[in-house]
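Remarks on the overall topology
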Amino acid sequence: MIDFSKDTVFKLTPCKPKDIAPTVQPIIIPGEQIISSFKAVRDFVVFTNKRLIAVNVQGMTGKKKDFNSLPYNRIQAFSIETAGTFDLDAELDLWFSGLGNVRLEFRGSDIRAIGQLIATHTL
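Parameters at a glance
Residues numbered from 1 in each chain as written. Predicted model: local features only at pLDDT ≥ 70, side-chain atom pairs only at ≥ 80, totals over all residues. Heavy atoms only, no water. Core = buried A, V, L, I, M, F, W, Y, C linked by side-chain atoms within 4.5 Å. Buried < 20%, exposed > 50% of the residue type's maximum accessible area, 1.4 Å probe, protein only. Helix = DSSP H or I, 4+ residues; strand = E, 2+ residues; numbered from the N terminus. Contact = heavy atoms within 4.5 Å.

Here we look at the nonpolar core
Core analysis: the largest hydrophobic core is formed by 21 residues, its most contacted members being Phe47, Leu52, Leu92, Leu94, Leu104 and Phe106. Residue assignment for this core shows that the elements contributing at least two residues are strand 3 (44-48), strand 4 (51-58), strand 7 (89-96), strand 8 (100-107) and helix 2 (111-122). Ranked by size, the runner-up nonpolar core spans nine residues in total, among them Cys15, Phe44, Val46 and Val57.

Some words on the environment of Thr23
Note that Thr23 resides in helix 1 (residues 17-24). In this structure, the C-alpha to C-alpha distance between Thr23 and Lys65, residues 42 residues apart in sequence, is 9.3 Å. Not counting residues within four places of it along the chain, the set of residues in contact with Thr23 comprises Phe44, Lys65 and Phe67.

Written as structure tokens, this is what we have:
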């Protein structure tokens with residue numbers, strides 16, 4: 001499983017869902033749709049209408065991938081922190097039942113829209 005406590009794991013920027021869809025398509029279930037996606041250097045996060053999928057690309061070649069499926073129905077609470085003038089990172093904190101806190105940091109993203117997405121699927 002990805003160690004979400006490391007700050008360097010996810011400094012995410014928006015990317016096109018079609019660019020990462022082939023990688024996550026094999027684990028997408030019928031009726032599930034990719035809503036948005038965000039990429040770090042090699043790792044990425046996908047928000048679907050059912051869950052958050054975090055993909056950790058491993059190894060020198062990047063062929064080995066660690067997929068973490070975090071269903072929205074396990075979210076107990078969440079918080080967003082918008083970017084500021086000097087602190088350009090926006091943050092999303094999610095508290096999952098049985099997993100604990102997951103923090104994702106975003107650059108150049110509308111964190112309010114991400115918060116709206118989480119609220120839509122958890123409230």
